[in-house]
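Each chain is listed here by its residues.
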Amino acid sequence: MSAMQMTNSSAAEGFHPNTRLLAMGAAMTGLGAMVVAAGAAMVGLSLAVAGRRWVQSWETPPTEMAQRTFAQARMAGLAGRDAWRSGPSVN
């Protein structure tokens, strides 16, 4: 056997991780991931509920505000278009 084959062969034969320890580590990692996911879900739910309560406390609903702003933007666009079409005013 050459020196290269002997080194590779002995290195492969010498690496034996503890499979029980690996399985326990993988199980704990999975459990930790589930705990993290549950915590993130609780934080998200809490923020969503608080945001919903906050929006409901407004005097003007967001849909009404959006409609009003859209109407204002539309009127501004029409005014700009009319000003563009009429050209510069001469005094």
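These remarks concern the structure in this document.

Reading the values: the criteria
Residues numbered from 1 in each chain as written. Predicted model: local features only at pLDDT ≥ 70, side-chain atom pairs only at ≥ 80, totals over all residues. Heavy atoms only, no water. Helix = DSSP H or I, 4+ residues; strand = E, 2+ residues; numbered from the N terminus. Buried < 20%, exposed > 50% of the residue type's maximum accessible area, 1.4 Å probe, protein only. Areas by Shrake-Rupley, 256 points an atom, 1.4 Å probe, with all protein chains shown as cover. Salt bridge = Lys/Arg side-chain N within 4 Å of Asp/Glu carboxyl O. Expected span 1.5 Å × (residues − 1). Polar contact = N/O pair within 3.5 Å; in protein donor to acceptor, adjacent residues only side chain to side chain.

The next subject is the overall build of the protein. On a plain count of helices and strands, the protein comes out with 3 helices and 0 strands. The secondary structure elements of the protein, listed N-terminal to C-terminal, are α-α-α. A burial count over the protein gives 0% of its 91 residues as buried. Of the accessible surface of the protein, which amounts to about 8,300 Å², a share of 68% is contributed by carbon and sulfur atoms.

Applying the stated criterion across every chain, the model contains 2 salt bridges. Note that Glu64 and Arg68 form a salt bridge whose closest N and O atoms lie 3.1 Å from each other. Highlighted residues: Glu64 and Arg68, both in helix H3 (residues 62–86), separated by 4 residues, approximately one helical turn. What makes Glu64 partly exposed here is its relative accessible area of 38%. Judged by relative accessible area, which is 42%, Arg68 ranks as partly exposed.

This brings us to H3. When the terminal C-alpha atoms of H3 are compared, their 36 Å separation across 25 residues agrees well with the 36 Å that a helix rising 1.5 Å per residue should span. Note on H3: the residue one or two positions beyond its end, Gly87, has a positive phi of about 80°.

In this section: helix H2 (residues 19–56). The first and last C-alpha atoms of H2 sit 55 Å apart over 38 residues, in line with the 56 Å expected at 1.5 Å per residue. A distance of 3.1 Å separates the backbone nitrogen of Arg20 from a side-chain oxygen at the start of H2, and that oxygen is part of Asn18.

Functional significance is not addressed by these values, which are geometric in nature.
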